[in-house]
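This is what each chain is made of:
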Amino acid sequence: MKHRAALALALLAMALVPLAGRDYYTTLMLPFFAYGIALFGLNLLFGYTGVLSFGHALFVAVGAYTAAYLTSAFGILHFEVILLVAIGAAVVVAIPVGLLCIRYVKIYFGMLTLAFGMLFYSFLYKFYHLTGGDEGMRVLRPTLLGQSFPTLDKVGFLTGPYYYYSLALLVIATFVMWRVVRSPLGLSLRSIRENPDKAQYVGVSVRRYRFFAFVIAAVFGAVGGALLSIPTGLVDPLLAYWTHSGNLVFMLLLGGFTNFFGPILGAFVFIFLQDQVMSLTQYWRLVFGAILAVVVIFFPHGLMGLVDPRRRAGT
Amino acid sequence: MIEAALAIVLGGVFNAAILFLVSAGLQLVFGVQKIVNLACGSFYALGAYFGISAVQWALGAGTPRPLFLAVLLLSGVALAAIGPVIERLLRTIYARDESFQMLLTFALVLMFEDILRIVWGPRTHVMGGGLYTLYGQLPFGAVKIPVYNLLVILAALAIAILMGLFLARTRFGRIVRATAENREMSEALGVDMARVYARVFTLGTALGTVGGALVVTSTAASLDMGIELIVDAFAVVVIGGLGSMRGAFVGALIVGVLKAVSIATYPELELMAVYMIVIAVLVLRPAGLFARATA
Amino acid sequence: MFYGDFCALDGVSLAVRDGEFVSIIGPNGAGKTTLVNVLTGLVRPTSGRVRFKGGDVAGVGPVPLARLGMARSFQLVSIFPALTVAETIAVAVLAQLGRGARPLAALARDAEVRERVREIADLFGLGDKLTRPGRTLAQGDKKLLDVASAFALHPEIILLDEPTSGVSTRDKTTIMDVLVQASKRIGIKAIIQVEHDMDIVFGYSDRIVALHQGRVLADSTPEDIRRDEHVVATVIGKRLR
């Protein structure tokens, strides 16, 4: 039960952050919320199903560009609508991509998903009439639950209503993923991770379930992407670049993929550590590359693995 | 008209030659060690930057200008010295899942990008000095093709043939092929895996750095050239089949020429055309055109 | 059944009826594994059919076959290392109930699944180990879990590939008794096993099929087989009691 207490405390702390008045750090929490949601999806694939995608950024970009399109091209500002359309777009993209990629495992799957991410990147980059090319597209301020908060300036909006909206979405996403992981599908996915051949022999349709996981992951990625686009107000093709996917995997590994909350911890540590390191040196990639190397070699179960070494995903 | 088309294709073959070198390095390392080395693009970038510096230093020290190509080749080969060092690092996780190995190479990609930035700065570097056209240009109707391109194509061909001979005829080459086919058996037969891995990785590294060195005469060296190249290299490897040298050759030709043609005809499609071929190949022949069964 | 030029099975015809316990015996290379792979839909025969419940199931694959009511266990113990005993059996139960894909149902509250898991676990003597992860079990228990998960599919017919391999002689009859008991309780209609241990074969089979070099040498009751000198010499050797 101490886990429940720790969670409640964390939630309370997150809710209180805006009240501390440090706007810079409050706005830094926003990409953390977004990445946390996206990473839940990635971990469903990796931690629970045993499949590593190097193209998750594709769906983050889908969500972000959906927000950009709806707000600046169509003038639709209801964030709830944006989310629904983003989810729909994710499903529409995930179905053909998933059907093709899921036929492969391990390295081939990683390479294929990387290729699809880059395909989307090149589409976003080259078709600048549609997408704004490398200049990107604007994302206008959305309305939350119908409210536009006209009296608030950008910072006020981001550190106030949008902050709590994002936090609420993270909480909802956590609940949904918790249910998925504890469901029959979740158990079947874990059996696929443990031993795909045996899973088949006890009646689990390995390919089909991997496909379901892929689509669900895509949805979470797109929701994260939509959330990610609002604070900066801008989306650009680099969101789909393969190194962005690589960073997502980095975050996941950092937090720990064998624990349900690893993704959230990974997103948090990555965002804040990156901020700190960037303020110290422009060579943050060198530092982060070294961190990733250390994690991969010495702490493959990430930070959660240090905290709770026996706690495996779903136990 | 025909000449213009041929010129475009030859440009594509030049790209293909470079791409082949880097992809061959990727294939070799994957075939033997089963590691997908995302950092091979970084080696390529390193070869490019170092190549420029080496040539500038050599020319400044009095080397006759026509020898710059030799300087490039030598500098590329010299950089292979980092191969054993990196291999040592990767050795720590050989027993782990492939995903982790790929992630470690991603860590290297990140680190290398900043290392390049630290040593050479953030701006692109150009070889300059008219070296690209030093060997002259062949007139081809209305178009002129630099002899340099042809030299590089010949060099890549020579390397391809040498590699083929090496793998087929020499003792070490046979060990490499045997290990790629069945590692446990090789080990059981007394092959020193550590040595094989170190050498193969070094060779793979050299191919990447030489590729970078050769391309930098005509293309500027930039910080993201490696990250961009890896995507093309992946396309080559998927089309040709993981682990196959012949596949690297054919795949590189397809990708190189296709990119050149689509830049000239439908620029929007450029990269997308390559990926559509990748997807088509995967749908029709999932293992690639020349894949070999890996044990 | 040809693998390239190699003929693994030649003119093999096998019929299994309700209530039968059939053992397939034969020296290594006789084609036993190929036969089982063909029967369980893993491999498509170059010619011929596999009829199960009125349909041809040649080459359909393990998942559709499991749904139709055929299950299989393997010689090499195969488990889900990180899943508990309960979870392992639950995977099969869920598949059998057709509920394996539900993404939002709360598994912990599914009483029917819980009951079925307990029933199977008790049948195999694993009832007190439900929360133990598979990799922590003793080898014998791993084998039982492996077979139990096949039984959890409530199949009508089950194929056991060397069910007592890797088990000490003392435990062999225990395991076989557990298997036969469990089959009766679950309602399995027929058992086919591939087995090398002749004591087990003769002790439990209603019928024995002897394979040699891809052909059926004999297909009859244990008594008849015992009296067939050719079969005894070729397949069994002199280990018969």
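Just above, that's the structure.
The present account deals with the structure reproduced in this document.

Rules behind the numbers
Residues numbered from 1 in each chain as written. Chains lettered and ligands numbered in written order. Predicted model: local features only at pLDDT ≥ 70, side-chain atom pairs only at ≥ 80, totals over all residues. Helix = DSSP H or I, 4+ residues; strand = E, 2+ residues; numbered from the N terminus. Rg over C-alpha atoms; globule rule 2.2 N^0.38 Å. Buried ≥ 20, exposed ≤ 12 C-beta atoms within 10 Å, placed from the backbone. Contact = placed C-beta atoms within 7 Å. Expected span 1.5 Å × (residues − 1). Nonpolar A, V, L, I, M, F, W, Y, C, P; charged D, E, K, R; others polar.

Considering the overall build of chain C
For step 1, the next point in the chain: Across its full length, chain C carries 9 helices and 10 strands.
For step 2, the next point in the chain: Taken over C-alpha atoms, the radius of gyration comes to 18 Å for chain C, in line with the 18 Å a tight globule of 241 residues would show.
For step 3, the next point in the chain: Overall, chain C is about 60 × 40 × 30 Å in size when its C-alpha atoms are taken along their principal axes.
For step 4, the next point in the chain: Per-residue burial for chain C yields a buried fraction of 44% across its 241 residues.
For step 5, the next point in the chain: Across chain C, every contact between residues at least 6 apart in sequence was considered, and the portion connecting residues at least 24 apart equals 67%.

Here's the deal with the overall build of chain B
For step 1, the next point in the chain: Assigned secondary structure in chain B consists of 12 helices and 2 strands.
For step 2, the next point in the chain: For chain B, the α and β elements follow one another from N to C terminus as α-α-α-α-α-β-β-α-α-α-α-α-α-α.
For step 3, the next point in the chain: In summary, chain B has a C-alpha radius of gyration of 19 Å against a globular reference of 19 Å for 295 residues, a match within 12%.
For step 4, the next point in the chain: Its C-alpha atoms put chain B at 60 × 50 × 35 Å along the principal axes.
For step 5, the next point in the chain: Here chain B holds 295 residues, and 49% of them are scored as buried.

As for helix α10 (residues 225-240) of chain B
All names here are of chain B.
For step 1, the next point in the chain: When the terminal C-alpha atoms of α10 are compared, their 22 Å separation across 16 residues agrees well with the 22 Å that a helix rising 1.5 Å per residue should span.
For step 2, the next point in the chain: In terms of burial, α10 is a largely internal element, 15 of the 16 residues being buried.
For step 3, the next point in the chain: Backbone geometry just downstream of α10 places G241 in the positive-phi region, at approximately 105°.

Here we look at the interface of chain A and chain B
For step 1, the next point in the chain: In this assembly, 32 residues from chain A lie in contact with 33 residues from chain B.
For step 2, the next point in the chain: Looking at the side of chain A that touches chain B, the elements with two or more residues in it are α5 (106-126), α12 (242-255) and α14 (284-298) of chain A.
For step 3, the next point in the chain: No other element matches α5(A), which puts 12 residues into the side of chain A that touches chain B.
For step 4, the next point in the chain: Residue composition of the side of chain A that touches chain B, grouped by class: 23 nonpolar, 5 polar and 4 charged.

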